[in-house]
Structures are given as structure tokens and as C-alpha cells.
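In case you want the letters, here they are:
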Number of protein chains: 2
Amino acid sequence: MFMSNKPVSISVVRRLPRYYRFLGELLNHSVQRISSRELSQRMGLTASQIRQDLNCFGGFGQQGYGYNVEALHREIGNILGMHQHKKTILIGVGNLGRAILSHMAFEEKGIEIIGLFDRSETLVGERIDKLTIQHTDRLEDFCRENHPKVAILCVPKYTAQDLVVRLYQAGVNAYWNFSHYDIAVHHPGTVVENVHLGDSLMTLCYKVKEMDERAASGEEARE
Amino acid sequence: MFMSNKPVSISVVRRLPRYYRFLGELLNHSVQRISSRELSQRMGLTASQIRQDLNCFGGFGQQGYGYNVEALHREIGNILGMHQHKKTILIGVGNLGRAILSHMAFEEKGIEIIGLFDRSETLVGERIDKLTIQHTDRLEDFCRENHPKVAILCVPKYTAQDLVVRLYQAGVNAYWNFSHYDIAVHHPGTVVENVHLGDSLMTLCYKVKEMDERAASGEEARE
């Protein structure tokens, strides 16, 4: 299969996990082939959008035969780097950190959680699955010995700022960031994926307000 | 202040929560005025981007005087609908649901949680703050009596599908969706904000892989 080397736009990359999920479900239902039209109907995208997206990576379909579900699923997984082993630490084992630990299928994505850290003395020493929560004072030593590549930050903004300086110096340059600290602005050499729950909720608030305004103006128009 | 009525693009809307957070922090530090240049440096955006964004809503700055932080913060809050009261229910009070309940500043955003629901008999009856977890069988009755407008879905995809049909019929048409069920595709009349943690993590995996490949090709080039 031809694989293009030119960089793929981030908007295409962001759609790939959704393709991956859909194809995984089709596999679970023993579907072996699917046309771009069928896939588009299930995903709420246009067929041409799907063809365009998948062409960015050299194309996977055969005209008239549709896509081989298993091959496409595997290839998208490869593109996403899901089979690449990534040593990862999680910092901040409060409610959010615990929810993420129990909720995410990390192994499927090549992510191995090798350390849990918190600065609360009441949490240090607690075991979660096979790991014992360590004090954040131990971060530098731990990184020197174990070389984690990714850090998951479930801490407040003011804590994150100091932590990232330390982690970055200790060689961690990839972050799954639940804090509101703008890592990429201050550390241009890192890769960061932000989950800003508060921003998402505020965006929903906007959409609700807009929907109400639309409904109200529709009612006025009918009067 | 002039407020434009033309619809604002979703990409601008998505930047507003970040402005709102930054301005809130400036307020906490008693900063009263800020130039677009200063704001841009702190936020990692260009000054012209900021002027463009805020002009979508009729503009807030005075040439040469910068922005009034408090007025801008309040106006963005109004635009986001943060002061509008929204009755909200949360469904799925597992790890993720609990983390969200304890983590989010709902009241600040005009969101009042009026009901918690789960289908697990072991959770039904448990109190969290002022609310008692109810069985999802009670959803229809509850909606008829209390008219919630927003639902937060912390349930798996296969549960979400059935729940949304019931909630939609019961008059709930706004969703903060942590499941992988594509609500908007199947219910075009709703407003939805998705938080797909798995997709975010897969996007990070892609970025890590790409960073490694870049580093590897840089090393080759130096040889």
C-alpha cells in the first residue's frame, strides 16, 4: 500500500479516531466490506468527504468493491500510532484522575501507565491496580530511571505550570492535559492534546442560548 | 454596545471560553485594562486574531486604550449564555459522572443540576450533595414534572442511544455527551457538545508518533 509522506492536516487526523471506532464496531458485527456511501450514512458525513479523508493516506478502497473493513481498521490504527508502545505517567489521582484510569482503554492504544503521582500525603502509598501512588517529589528520580514519554495531567492550572517545567526537563515531551495551563504556548517543543471540560460546557451553554433565541424569534415571526 | 445579530462561526465561539478564562484570571489579579497585544502574548494568539474575534460581537476595545477587562469578561459571559438558568440532569453516576459532578463549577455557568440517574440498583438511593440518585425508569416522570433542558450523558454508547430517544421525547434537547453515540446525526433538532476522551487520546497517540518520526528523520539527515 502506498503511504504518502506529506503531513496530514490536523482536521483530518481528528476525524480518524471516529473512523477507527466505527470500523471497530463493524468488525465486531462481522462486517467485512463497506462502501463509502454506507459508511457515510452511518457516520453522518458525505461519501466524498470520506473518500477525500482516506485518500490523504494513499487510499484504501477499490472502485466498486468498497473498503475492506479489517484492513482499513488496522491501517488507521497504524496511522494513529496505536500499536506503538508509550510509557505514560498520570499526575493528580483525585476524582478526575481516577475516573480516567478506570474509564480509558489505555492498552488498546499502546499506552502503558507506569506511574501514578500526587502531592497529597493522604493519597501517597495507596494502591490502584498494580501501581502505588507516589509523591510528586519523586518525579525527577522516577523519570531518570523509567523514561516515561507521556504525562497525563489531572491537576489545577497553577500546579500544572510548575509540573510541566520539571517534567519537560526530565524528558517528558507529550501531554494529555486536563488542566487549563497552555502548555504548547510556553513549551513549543512539546506535543499536547488538551481536554478542556469547562470550555466544552461553556460552548454547550452558548448553543443552548442560541437555540432558545432561534425558537423565540421563530415564535415572534409566527405571531 | 452594538450587538450584531448575524450568526457567529463555531470556531470563534470555541475560542470564547478561553478568552473568558483569561479575563477572569486578570480580574482576580485586579487588572482593569489590557491591550490586544498584551492579551495576545499571554494567550499565544496574534493581536489581529483577537481584534477579529471580538469584532464579531460588535467590538469591545477603544483604539489606544485597550480593553476594559471587567466589561469584556461580563459581555463574553453574556454571549456564552452563562447567566441563563439551565435545569440539568446527569445520567450515569459511575466514576466519570462523579468526577464531573465534583470537578465542574456548574453554577458559574448557569447550570443547575436537578437530578441524578443511574440504572444500577446499588447506586439508586445514594445521596450526592443535595440529590438522591434515581433509577432511569423514572426519567419520563421526572421530566414531565421538572422540565430539565440539558442532559449530561456519562453512559456507554449502547445505553445512550436508547436514553436519547426517551429524553428527546420527554423534551430534553441539549446534551453534554461523554458517550460515543452520535446524537446530532440521529436527532437533528438537538444541540450537542461531545467530549470524546478516547478520540482525544488517539489524537495524542498520532502526535507522539509523528514527533518520533520527525526526530528519527532529523537524525538520519544528520548522519
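Notes on the structure in this doc start here.

Rules of the game
- Residues numbered from 1 in each chain as written.
- Chains lettered and ligands numbered in written order.
- Predicted model: local features only at pLDDT ≥ 70, side-chain atom pairs only at ≥ 80, totals over all residues.
- Heavy atoms only, no water.
- Helix = DSSP H or I, 4+ residues; strand = E, 2+ residues; numbered from the N terminus.
- Rg over C-alpha atoms; globule rule 2.2 N^0.38 Å.
- Buried < 20%, exposed > 50% of the residue type's maximum accessible area, 1.4 Å probe, protein only.
- Contact = heavy atoms within 4.5 Å.
- Areas by Shrake-Rupley, 256 points an atom, 1.4 Å probe, with all protein chains shown as cover.
- Lys, Arg positive; Asp, Glu negative; His and termini not counted.
- Charge placed at Lys NZ, Arg CZ, Asp CG, Glu CD.
- Buried area = accessible area lost by both parts, 1.4 Å probe.
- Salt bridge = Lys/Arg side-chain N within 4 Å of Asp/Glu carboxyl O.
- Polar contact = N/O pair within 3.5 Å; in protein donor to acceptor, adjacent residues only side chain to side chain.
- Nonpolar A, V, L, I, M, F, W, Y, C, P; charged D, E, K, R; others polar.
- Least-squares fit on C-alpha atoms with pLDDT ≥ 70 in both.
- Arc of directions from axis to C-beta.

**Observations regarding the overall build of chain A**
The helix and strand inventory of chain A stands at 9 helices and 9 strands. The C-alpha radius of gyration computed for chain A amounts to 22 Å, which surpasses the reference 17 Å derived for 223 residues by more than 25%, pointing to a less compact arrangement than a globule. Taken across its 223 residues, chain A has 51% of its residues classed as buried. In chain A, 57% of the contacts between residues at least 6 apart in sequence involve partners at least 24 apart. Within the structure as shown, chain A displays about 11200 Å² of accessible surface, and the carbon and sulfur contribution to it stands at 47%. Put simply, chain A has 26 plus and 26 minus side-chain charges, and the middle of one group is 7 Å from the middle of the other.

**Focus: the interface of chain B and chain A**
Across the boundary between the two partners, chain B contributes 61 residues, which contact 61 residues of chain A. Overall, the association of chain B and chain A removes approximately 5800 Å² of surface from exposure, summing both partners, and the carbon and sulfur fraction of that is 66%. Put simply, chain B and chain A have 10 salt bridges between them. Connecting chain B to chain A are 25 residue pairs in polar contact (both at pLDDT 80 or more). Every element with two or more residues in the side of chain B that touches chain A is listed here: helix 1 (10–28), helix 4 (69–79), helix 5 (95–103), strand 8 (174–177), strand 9 (191–194) and helix 9 (197–222) of chain B. Considering each element in turn, the side of chain B that touches chain A owes the most residues, 15 residues, to helix 9 of chain B. Split by residue class, the side of chain B that touches chain A holds 32 nonpolar, 15 polar and 14 charged.

**Focus on the relation of the copies chain B and chain A**
Copy one and copy two of the chain differ by a rotation about an axis and a translation along that axis. The two copies are related by a screw motion: chain B maps onto chain A through a turn of 180° and a shift of 0.0 Å along the axis, at an RMSD of 0.0 Å. Interpreted geometrically, this transformation is the action of a two-fold axis. Minimal C-alpha distance to the rotation axis in chain B is attained by Ala-99 of chain B, lying at 3.2 Å.

**Structural notes on helix 6 (residues 139–146) of chain B**
Because an α-helix packs 3.6 residues into every turn, residues spaced three or four apart end up facing the same way. All names here are of chain B. When we look at burial in helix 6, the residues that qualify are Leu-139, Phe-142 and Cys-143. What you see down the axis of helix 6 is that its buried residues fit within an arc of 95°, all on one side. Every exposed residue of helix 6 that faces more than 90 degrees away from the buried side is listed here: Arg-144 and Glu-145. Contacts made by the buried residues of helix 6 are with strand 3 (86–91), strand 4 (111–118), strand 6 (131–135) and helix 7 (157–169).

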